[in-house]
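A closer look at the structure
Chain by chain, the residues:
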Amino acid sequence: RRRATRHKTRLAVAVSLLDARPRAYPAALEGHTRDLSSCGLALILPAIRLGERYLTGDTHVLRITLRLPAAAVQIHGVPARYERLGEDDEDTGYLVGVRIKEMSDKDRALFEEYLRTLRT
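So, here's what we can say about the structure. Along each chain, numbering runs from 1 in the same order as the chain's sequence is written. Totals for whole chains, interfaces and linings use every residue, but because this is a predicted model, local features are given only for residues with pLDDT of at least 70 and side-chain atom pairs only at 80 or more, for both listing and counting. Where side-chain values are given, they derive from all heavy atoms of the structure, hydrogens and water being excluded.

**Remarks on the side chain of Thr33**
In this structure, Thr33 sits in strand E3 (residues 29–36). Note on exposure labels: buried denotes an accessible area under 20% of the residue type's maximum, exposed denotes more than 50%, and partly exposed covers the range between, all computed with a 1.4 Å probe on protein chains only. By relative accessible area, Thr33 is classed as buried at 1%. Discounting chain neighbours no more than four positions away, the residues touching Thr33 are Thr9, Arg10, Leu11, Val13, Leu41, Ala42, Leu43 and Leu66. Put simply, DSSP H or I for four residues or longer makes a helix, DSSP E for two residues or longer makes a strand, and each gets a number counted from the N terminus. The contact definition used throughout considers only heavy atoms, calling two residues in contact when any of these lie within 4.5 Å.

**What about a negative patch on the surface?**
Two joining distances apply to patches: 9 Å for like charges and 5 Å for nonpolar side chains (Val, Leu, Ile, Met, Phe, Trp, Tyr), and every residue must have over 30% relative accessible area and no salt bridge. Accessibility throughout is a Shrake-Rupley quantity obtained with a 1.4 Å probe, and a residue counts as covered only by protein chains that appear here. Put simply, a salt bridge is a Lys or Arg side-chain nitrogen that is within 4 Å of an Asp or Glu carboxyl oxygen. Positive charges come from Lys and Arg alone, negative charges from Asp and Glu alone, with His and the N- and C-terminal ends not counted. In this description, the location of a charge corresponds to atom NZ of lysine, CZ of arginine, CG of aspartate or CD of glutamate. Where like charges cluster on the molecular surface, the negative patch consists of Glu87, Asp88, Asp89 and Glu90. The class for Glu87 is exposed, based on a relative accessible area of 83%.

**Thoughts on the pairing of E3**
Sheet faces and side chains relate simply in a regular strand, where the side chains alternate between the two faces. In terms of burial, E3 is largely enclosed, as six of its eight residues are buried. In this description, strands pair whenever DSSP reports at least two bridges between them. Sheet analysis places strand E2 (residues 12–17) next to E3, joined by four bridges and oriented antiparallel. Residue pairing across strands places Val15 opposite Leu29, the latter belonging to E3. Inspection of the sheet shows E3 paired to strand E4 (residues 40–45) by four bridges, in the antiparallel sense. Within the sheet, the bridge partner assigned to His32 lies in E4 and is Ile44. Hairpin connection of E3 to E4: three residues between the antiparallel strands.

**A few points about the nonpolar core**
One broad trend across soluble globular proteins is that nonpolar side chains are buried collectively. Side-chain atoms within 4.5 Å link the members of a nonpolar core, which is a set of buried Ala, Val, Leu, Ile, Met, Phe, Trp, Tyr and Cys residues. Val15, Leu41, Leu43, Leu55, Ile64, Leu66 and Ile75 are the most contacted members of the largest nonpolar core, which totals 26 residues. Sorting the residues of this core by element identifies E2, E3, E4, strand E7 (62–67), strand E8 (72–84), strand E9 (94–102) and helix H1 (105–119) as the ones contributing at least two each. No other element matches E9, which puts four residues into this core. When residues no more than four places from it in sequence are discounted, the contact partners of Leu55 are Val15, Leu17, Leu29, Leu45, Ala47, Ile48, Arg49, Leu50, His60, Leu62 and Pro79.

**Describing the packing of aromatic side chains**
Here a Phe, Tyr or Trp ring, Trp counted by its six-membered ring, pairs with any other such ring whose centre lies within 6.5 Å, and the pair is stacked when the planes are under 30 degrees apart, edge-to-face when over 60, and tilted otherwise. Summed over all chains, the structure comprises zero aromatic pairs. Placement of a charge over a ring requires the Lys NZ or Arg CZ to be within 6 Å of the ring centre, with the centre-to-atom vector within 35 degrees of the ring normal. A cation over an aromatic ring shows up here: Arg49 above the ring of Tyr54, its NZ or CZ 5.6 Å from the ring centre.

Here it is in structure tokens:
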């Protein structure tokens, strides 16, 4: 169950796979957030694959560049779920739920500062 408060906000993101494999696929997918919290993000992406590789595998770690108003932050996250958005949804593509796994101290501070602005 969710423990952290989710905040609806639309921010640009770039998502790629964090691994050492040679890249025979696009470097990243561009998308945006639907909501975020201190422990996770809901992303809207146009696809769930980069080339032939799925973003949503249970062993994959995603490298997410989240463009906050003041600065971009790097997040390493693990996909928790995904679903294809239907015609009734306001967005198109895929909703991907991501649990935050790792951030630098500097990026975490910027991220938490941004979350505080959403609470007011």
